[in-house]
Amino acid sequence: MASAPLASANAADPSSSRKVFTIGTRKSKLALLQTDLVQAALKAKWPEYEFKIHSRETAGDQNTTIALRDFTTKNLWTQELEELLVAGHVDLIVHSLKDVPTLLPPSCTLGPMMDREDTRDVLVVKQGLPYKSLADLPAGSVVGTSSIRRTAQLARRYPHLKVTDVRGNIGTRLSKLDAEDSPYACLILAAAGLLRLDLQDRITAYLDSQNAGMLYAVGQGALGIEVRKDDRLVLDMLSGIGHQETTLACLAERSLLRTLEGGCSAPLGVESEWVRGADGSSKLRMRSVVVSVDGSESSEVEVDGSVDTPHAAEEFGVTVANALVAKGAGKILEEIQRNKQASQ
């Protein structure tokens, strides 16, 4: 896919004279596919406008050898694109929401979000091996993941398994798994990426709180569309393709993470669902867990709340965070931070 030329957009002009909009994205196959989804939705809703795509690599794309937990910055996947957005060279950016730091540049915000893909993690077993679940894997089996959240939850539930970092895009990680000399018995990946890439045949098992004791990352399965705060026209267009339940649930999850000040590397898992009451009303139920890296300590809660506005979503995230802290999450996170600082 060719990138759109970088013509400067007039960020301050809210009038309908703007007819061409540039969407920024990373260059990976999955990022481009996700951007195509947003572009198609915008074109269908707003056929009078033209939507071009500009792609570029980010720091996270350029360095695939350092473990994610060892980076000192949280905006690995977003900074270069945000600089283009702030400068007015692109009008919106499409991210995997789970990669977006909870604190954005002061002039930027997230717009309404489209309907979420499957939120769960999945088990992907090396081709030719007979295992059907994490519980099936023999002691010492190597699980590939660079996520501290997954590492901690695996240590808590499956201490007999060994976790080893694996980096790269989905295709690269699958190739590393299937290589004849691969050390990995399996990978844990997000279902959404595999489903969007039409790789659902590689999914061995879906992982959730019920069948594997695994909770997913904040924002997983959702697309975060970042815009300039003062760009009313683009925000209005995104409202036309947004999905309210996805937007509110993701805002609540991000508020939870922001309140705990864990950033993208915190071993925080969530699981959100909308629960319908007998009177027809809906409440957001959020399960959440913070686990020490070695799996020995954990804080876990389940909270229901009435969430019908972005403000209510932000408040609900704070409520869930406070419930976790009351059960010991603060101590776990402080210890992780001390250990990280000591190793730098």
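Per an unreviewed UniProt entry, the chain is named Porphobilinogen deaminase, and its organism is Aspergillus aculeatus. Per UniProt, the comment on the chain under Pathway (unreviewed entry) is "Porphyrin-containing compound metabolism; protoporphyrin-IX biosynthesis; coproporphyrinogen-III from 5-aminolevulinate: step 2/4." Recorded under Sequence similarities (unreviewed entry), the UniProt text for the chain is reproduced unchanged: "Belongs to the HMBS family."

Enquirer: What should I look at first to understand the overall build of the chain in this one?
Expert: A tally of helices and strands in the chain yields ten helices and 13 strands. Taken over 344 residues, the chain has a buried fraction of 53%. The long-range share in the chain, meaning contacts at least 24 apart out of those at least 6 apart in sequence, stands at 72%.

Enquirer: What's the story with helix α5 (residues 170–178) in this structure? I'm lost.
Expert: Given 3.6 residues per helical turn, the α-helix brings residues three or four places apart onto the same face. Within α5, the full set of buried residues consists of I170, R173, L174 and L177. Buried residues of α5, viewed axially, fall in a sector of 100°; they line one side. On the buried face of α5, the contacting elements are α1 (29–45), β5 (121–125), β8 (186–190) and α6 (191–196).

Enquirer: In this structure, what is going on with the sheet that holds strand β9 (residues 205–207)? I would like to understand it.
Expert: By definition, the strands of a sheet pair up through backbone hydrogen bonds, in either a parallel or an antiparallel sense. A sheet is described by the order of its strands in space; here five strands give the open sequence β7-β6-β8-β5-β9, paired in mixed fashion. Each edge of the open sheet carries a strand with a single partner, namely β7 (162–164) and β9. Mean inter-strand twist for the sheet, computed between neighbouring axes without regard to direction, equals 30°. As defined by bridge partners, β5 adjoins β9 across three bridges and the pair is classed as antiparallel. The residue of β9 that forms the bridge with V122 is Y206. Along the sheet, helix α4 (residues 148–157) makes contact with β5, β6 (142–144), β7 and β8, crossing β8 at roughly 125°. α5 contacts β5 and β8 of the sheet and is inclined by roughly 165° relative to β8.

Enquirer: I tried to follow the sheet that holds strand β1 (residues 20–25) on my own but got confused; where do I start?
Expert: One open sheet accounts for five strands, arranged β2-β1-β3-β10-β4; its pairing is mixed. Taken across any chain shown, the strands that pair with only one partner, and hence form the sheet edges, are β2 (50–55) and β4 (108–110). Between one strand axis and the next, the sheet turns by 30° as a mean value, whatever way the strands run. Where β1 and β2 come together, six bridges link them in parallel fashion. Counted as the bridge partner of T25 is S55 from β2. Here helix α7 (residues 232–239) sits on the sheet in contact with β1, β2, β3 (92–96), β4 and β10 (223–228), set at roughly 155° to β10.

Enquirer: Whenever I open this one, the pairing of strand β13 (residues 298–305) confuses me. Can you help?
Expert: Within a regular beta strand, the side chains point alternately toward one face of the sheet and then the other, so they alternate between its two faces. Because side chains alternate across β13, one face comprises the buried residues S299, V301, V303 and G305, and the other comprises S298, E300, E302 and D304, none of which is buried. Both strand β12 (residues 282–291) and β13 contribute to a ladder of eight bridges, which runs antiparallel. Residue V290 lies in a different strand from β13, and its bridge partner there is S299.

Enquirer: How do you make sense of the pairing of strand β11 (residues 268–276) when you look at a structure like this?
Expert: Relative to β12, β11 runs antiparallel, the two sharing nine bridges. Across the sheet, V275 pairs through a bridge with K283, a residue of β12. Here β11 folds back onto β12 in antiparallel fashion, the turn holding five residues, of which G280 has a positive phi close to 90°.

Enquirer: Would you take a moment to explain the packing of aromatic side chains for this structure?
Expert: If you walk through the whole model with that rule in mind, you get three aromatic pairs. Taking the centre distance of 5.2 Å and the plane angle of 85° together, the rings of F21 and Y49 count as edge-to-face. One end of the pair, F21, is in strand β1; the other, Y49, is in the loop between α1 and β2, and 28 residues separate them in sequence. Like F21, the residue Y49 is buried in the burial classification. Summarising the aromatic geometry, the rings of F21 and F51 are spaced 5.8 Å apart at their centres and angled 25° between planes, so their arrangement reads as stacked.

Enquirer: Would you take a moment to explain the pattern of salt bridges for this structure?
Expert: Two side chains that carry opposite charge are able to pair once their charged atoms sit near each other. All chains considered together, the criterion is met by 20 salt bridges. A salt bridge links D118 to R120, with the nearest nitrogen and oxygen atoms 2.8 Å apart. Where salt bridges share partners, they join E271, E273, R285, R287, E302 and D304 into one cluster.

Enquirer: Got a minute to help me understand the packing of helix α8 (residues 244–260) against helix α9 (residues 310–326) in this structure?
Expert: Axis angle and axis distance: for two packed helices, these are the angle between their axes and the distance between the axes, and together they describe the pair. Packing of α8 against α9 leaves a shortest axis separation of 7 Å and a crossing angle of 45°. When the axes of α8 and α9 are compared, the pair comes out oblique. When the axes of α8 and α9 are compared, the crossing they make is right-handed. Taken together, the residues of α9 that come into contact with α8 (itself represented by L248, L251, A252, S255, L256, R258, T259 and L260) are P310, A313, E314, F316, G317, V318, V320, A321, L324 and V325. Counted by class, the contact of α8 with α9 contains 13 nonpolar, three polar and two charged residues.

Enquirer: Can you help me understand the confidence of the model for the chain in this one?
Expert: Mean pLDDT for the chain: 88, with 88% of residues reaching 70 or above. The model gives residues 60–74 a pLDDT under 50, and that stretch makes 35 contacts with residues more than four places away or in other chains.

Enquirer: When you look at the nonpolar core in this model, what are you seeing that I'm missing?
Expert: Residues L256, L260, L268, V290, F316 and L324 are the most contacted members of the largest nonpolar core, which totals 34 residues. Contributing elements (two or more residues each) for this core: α8, β11, β12, β13, α9 and α10 (329–343). Of all the elements, α8 adds the most residues to this core, at eight residues. Looking at which domains feed residues into this core, each of domain 1 (20–113 + 223–242) and domain 3 (248–343) supplies at least three. With 19 residues, the next largest nonpolar core counts V38, V94, M114 and M237 among its residues.

About the criteria used
- Residues numbered from 1 in each chain as written.
- Predicted model: local features only at pLDDT ≥ 70, side-chain atom pairs only at ≥ 80, totals over all residues.
- Heavy atoms only, no water.
- UniProt positions renumbered as here; feature names shortened; annotations may be inferred.
- Helix = DSSP H or I, 4+ residues; strand = E, 2+ residues; numbered from the N terminus.
- Buried < 20%, exposed > 50% of the residue type's maximum accessible area, 1.4 Å probe, protein only.
- Contact = heavy atoms within 4.5 Å.
- Arc of directions from axis to C-beta.
- Pairing = 2+ DSSP bridges.
- Axes fitted to C-alpha atoms, helices over the stretch in contact; angles between N-to-C directions.
- Phe/Tyr/Trp six-rings, centres within 6.5 Å; stacked < 30°, edge-to-face > 60°.
- Salt bridge = Lys/Arg side-chain N within 4 Å of Asp/Glu carboxyl O.
- Parallel < 35°, antiparallel > 145°, perpendicular 65-115°, else oblique.
- Left-handed = near helix turned anticlockwise from the far one by under 90°.
- Nonpolar A, V, L, I, M, F, W, Y, C, P; charged D, E, K, R; others polar.
- pLDDT = per-residue confidence, 0-100.
- Core = buried A, V, L, I, M, F, W, Y, C linked by side-chain atoms within 4.5 Å.
- Domains from an automatic or database assignment.

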